[in-house]
Amino acid sequence: MLTRADVIAEIEEHLAGSLSAAALAAWAFDRFYAHDMGEEEFSEKDAEVIAAVLDELMFADNAAFALDEPALRTLITRLQ
């Protein structure tokens, strides 16, 4: 089960420089579509916010959708 804390941890790894934007986007893409296919669970009460944040993250490796540090911190705040 994917939790808010799991998503926050991945974003924080990227902010710390240990996870590239491409790797973060790929991770978010994999989690989003695994959930869509019924292979990944989100807690019912958190499903909407987790899906919304993953949706934003999975395109973050594209220059048109790139997320800077303040935008990523805003996503963390949404998850908290």
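Before going into details, it helps to say that this report is about the structure given with it.

What counts and what doesn't
Residues numbered from 1 in each chain as written. Predicted model: local features only at pLDDT ≥ 70, side-chain atom pairs only at ≥ 80, totals over all residues. Heavy atoms only, no water. Helix = DSSP H or I, 4+ residues; strand = E, 2+ residues; numbered from the N terminus. Buried < 20%, exposed > 50% of the residue type's maximum accessible area, 1.4 Å probe, protein only. Lys, Arg positive; Asp, Glu negative; His and termini not counted. Salt bridge = Lys/Arg side-chain N within 4 Å of Asp/Glu carboxyl O. Contact = heavy atoms within 4.5 Å.

## Quick word on the side chain of Glu10
Okay, step 1: Here Glu10 shows up in helix α1 (residues 4-15).
Okay, step 2: Buried and unpaired, Glu10 has Arg31 as its nearest opposite-charge partner, separated by 8.1 Å.
Okay, step 3: Setting aside its immediate chain neighbours within four residues, Glu10 contacts Leu19, Leu24 and Trp27.

## Things to note about the pattern of salt bridges
Okay, step 1: The full count for this structure, using the stated rule, is 4 salt bridges.
Okay, step 2: A salt bridge links Arg4 to Asp46; its shortest N-O distance comes to 2.7 Å. With Arg4 in helix α1 and Asp46 in the loop between α2 (21-36) and α3 (47-57), this residue pair connects regions lying 42 residues apart in the sequence.
Okay, step 3: Note on Arg4: relative accessible area 23%, which makes it partly exposed.
Okay, step 4: The salt bridge partner of Glu40 is Arg31, with a shortest N-O separation of 2.7 Å.

None of the figures reported here should be taken as evidence of function without further support.
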